[in-house]
Amino acid sequence: MIDLSEPLFQQALPLLTIIESHGHEAYFVGGSVRDFLLGKTIHDIDIATSATPQEIKAIFPATIDVGIEHGTVIVRYKGGTYEVTTFRVEGKYSDYRRPDRVDFVRNLEQDTLRRDFTINALAIDSKGHVFDYHGGLKDLKCHLIRAVGNPHERFQEDALRMLRALRFSTQLGFTIDKNTMSAIQQLAFLIENIAMERIQIEFTKYLQGHFFSKKGFSLIQSELYHYLPFPNDLNIDQLITSLEKDFEPIETIKLSNHEILVWGSLLYHLDIQTRELEQSYLRKWKHSNALINNAIAFKECRRLDIDELVMPENLYRFDRDILTLIETFYLRHGRLSSTRITEAYLRLQIKNIQELAINGKQIMAILELERGGPIVGKLLADIERKVVTGSLNNEYDEIVQYINEKMH
Ligand code: ATP
Ligand code: MG
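Residues numbered from 1 in each chain as written. Chains lettered and ligands numbered in written order. Predicted model: local features only at pLDDT ≥ 70, side-chain atom pairs only at ≥ 80, totals over all residues. Heavy atoms only, no water.

Caption draft 1: Main features of the environment of G80. When you line up the elements, G80 lands in strand β5 (residues 80-86). For the pair G80 and P312, spaced 232 residues apart in sequence, the C-alpha separation works out to 46 Å. (Helix = DSSP H or I, 4+ residues; strand = E, 2+ residues; numbered from the N terminus.)

Dropping the structure here:
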């Protein structure tokens, strides 16, 4: 029996009891159960139930359809949102990624058979009773990622699970079970059947894993890297060793920017020749334009010596978020002992051209020009540079005087 006093479970507990009061079974399942049993903080709670999606919709007034055909309904309850999924078994997989059909079943044990790893196939009921049909509790104790059932079959059903094994390994610091790893090595090529968007999500989690420096090598061992977008001449050992050093002491960097840090660092070590090639490389991984630009900016910051980076004309090129990120990174690695990057940034007279005390229109008026033209742009760029580097104050009168001196 487990003590369910954990606040998020407490909040979600009425969902289980309400479903039960309608004559169905309901359990907490998946990541929240695993993380709770590991003593980690939990985030989103998934619920598995014998009730069909229609039955769930009839019970709760606020639901959102997300994947009814797969049995999933989102239930909103007292400010929380919960994924409630009907027990199901999956039909034949003919494309290594999605079942041809799913069938709803009325029993928990059958539902756990479709789950990826034993530690993800645990369930807890409303009384705190733990259901463990595949030895998940033992694997939690032994720190093992082990496929439910026959690993070959499981990875042939859904090849993404191979990459999920790697990401749980770096997230939890667990070892991938021998048979599970050997199945991955043999079936690694099947990952090519999976949409890159889904691969990228799992690969990012793999890179961000808290235990990357201990378990990052699983990418090499698994052979999966051969089938992921890496350059042909890649030295994978060197890459992983460098990333292990990079990611070692980094834990608390805000997660949204953590993604920039890991992809920016990957780019830094890959050493791709041009910006265009870097962009197309990150596009292969199906990254957003925002991530692409930020990762490249992070890499560029990292390429500069700190003394170079704190020069105003360099600081001005980068967003404050990126500078904060690189500063945190250097502080953690002992390459910096003060917040001198942020301080230098805050001393900049202007952070962008909109903050310049003069604009194009005003310059046209001063030069008595009817229309703009290259001269205005050139002058503006010149003034911007002088203000950034501090050889001109960002004062309207002073700038006008500069223009007059320069033009006459
Ligand atoms: P996280 O803490 O990162 O959310 P999680 O274990 O909850 O980890 P999810 O991707 O949210 O992972 O999936 C929830 C659960 O659904 C898993 O614990 C697992 O039982 C099951 N699951 C998810 N994806 C797969 C898959 N590709 N194959 C089999 N089972 C899966
Ligand atoms: Mg989850």
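Caption draft 2: Focus on the nonpolar core. Ranked by size, the top nonpolar core spans 119 residues in total, and within it F28, F203, L219, F230, W263 and I383 carry the most contacts. Within the second largest apolar cluster, eight residues are counted, among which are V29, A48, V105 and L108. (Core = buried A, V, L, I, M, F, W, Y, C linked by side-chain atoms within 4.5 Å. Buried < 20%, exposed > 50% of the residue type's maximum accessible area, 1.4 Å probe, protein only.)

Caption draft 3: Molecular detail of the site of ligand 1. Around ligand 1 sit 16 residues, and of these R34, N120, D158, R161 and R167 come closest. The separation between an oxygen atom of ligand 1 and a polar side-chain atom of R34 is 2.7 Å. Surface burial for ligand 1 is 79%, taken as the share of its 590 Å² of free accessible area covered by protein chains. Those elements that place two or more of their residues in the shell around ligand 1 are α2 (31-37) and α7 (160-172). Among the elements that take part in the shell around ligand 1, α7 stands out by supplying four residues, more than any other. A class-by-class count of the residues in the shell around ligand 1 yields one nonpolar, four polar and 11 charged. (Near = heavy atom within 4 Å. Polar contact = N/O pair within 3.5 Å; in protein donor to acceptor, adjacent residues only side chain to side chain. Areas by Shrake-Rupley, 256 points an atom, 1.4 Å probe, with all protein chains shown as cover. Nonpolar A, V, L, I, M, F, W, Y, C, P; charged D, E, K, R; others polar.)

Caption draft 4: Molecular detail of the packing of aromatic side chains. Tallied over the full model, the rule gives 17 aromatic pairs. Here the aromatic rings of F212 and F247 are separated by 5.2 Å at their centres, their planes lie at 70 degrees, and the arrangement is edge-to-face. With F212 in helix α10 (residues 212-215) and F247 in helix α12 (residues 236-247), this residue pair connects regions lying 35 residues apart in the sequence. For F212, a relative accessible area of 0% corresponds to the buried category. Under the relative-accessibility criterion, F247 is labelled buried at 6%. An aromatic cluster of at least three residues, connected via ring pairs, comprises F203, Y206, F212, F230, F247, W263 and W285. Positioned over the ring face of F168 is R167, at 4.1 Å from the centre of the ring. A cation sits over an aromatic face here: R335 above Y330, 4.3 Å from the ring centre. (Phe/Tyr/Trp six-rings, centres within 6.5 Å; stacked < 30°, edge-to-face > 60°. Lys NZ or Arg CZ within 6 Å of the ring centre and 35° of its normal.)

Caption draft 5: Geometry of the packing of helix α14 (residues 275-284) against helix α15 (residues 289-303). Between α14 and α15, the least distance of the axes is 10 Å, while the angle of their chain directions is 130 degrees. The angle between α14 and α15 places the two elements in the oblique class. Read as a crossing pair, α14 and α15 show a hand that is right-handed. Taken together, the residues of α15 that come into contact with α14 (itself represented by R275, E278, Q279, L282 and R283) are I292, N293, A295, I296, K299 and E300. Of the residues assigned to the contact of α14 with α15, the class counts are four nonpolar, two polar and five charged. (Axes fitted to C-alpha atoms, helices over the stretch in contact; angles between N-to-C directions. Parallel < 35°, antiparallel > 145°, perpendicular 65-115°, else oblique. Left-handed = near helix turned anticlockwise from the far one by under 90°. Contact = heavy atoms within 4.5 Å.)

Caption draft 6: Just the sheet that holds strand β3 (residues 63-67), in detail. Pairing within the open sheet is mixed, and its seven strands lie in the order β3-β4-β5-β2-β1-β8-β9. A single partner strand is all that each edge strand has here, and the edge strands are β3 and β9 (130-131). Across two bridges, the pairing between strand β1 (residues 26-29) and strand β8 (residues 123-124) is antiparallel. Residue pairing across strands places F28 opposite I124, the latter belonging to β8. Packed on one face of the sheet, helix α1 (residues 7-21) meets β1, β2 (46-49), β4 (72-77), β5 and β8 and runs near 150 degrees to β1. (Pairing = 2+ DSSP bridges.)

Caption draft 7: Spatial organisation of unusual backbone geometry. Look at K78: it is not a glycine, yet its phi comes out positive at around 45 degrees. Note on placement: K78 falls in the loop between β4 and β5. Its identity as a non-glycine residue notwithstanding, K286 has a phi of 65 degrees, on the positive side. Summarising the element assignment, K286 is placed in the loop between α14 and α15. Classification of K286 by relative accessible area gives partly exposed; the value is 46%.

Caption draft 8: Expanded view of the side chain of T86. Looking at where T86 falls in the secondary structure, it is placed in strand β5. Given the relative accessible area of 1%, T86 is considered buried. A polar contact of 2.8 Å, which involves the side chain of T86, links it to the backbone oxygen of A51. Leaving out residues up to four positions away in the same chain, T86 has contacts with T49, S50, A51, T52, P53, G71, F104 and D111.

Caption draft 9: Quick peek at a nonpolar patch on the surface. A surface patch of nonpolar side chains, about 220 Å² in accessible area, is lined by L369, I375 and M407. Within the secondary structure, M407 sits in helix α22 (residues 396-407). M407 sits in the partly exposed class, given a relative accessible area of 31%. (Patch = residues over 30% accessible without salt bridge, like charges linked within 9 Å, V, L, I, M, F, W, Y side chains within 5 Å. Salt bridge = Lys/Arg side-chain N within 4 Å of Asp/Glu carboxyl O.)

Caption draft 10: Quick peek at the pairing of β5. With five of seven residues buried, β5 is to be regarded as a mostly interior element. The pairing of β2 with β5 spans four bridges and is classified as parallel. What sits directly across from A48, in β5, is T85. Of the strand pairs in this sheet, β4 and β5 are connected by six bridges, and their pairing is antiparallel. Within β5, the residue paired with I74 across the bridge is E83.

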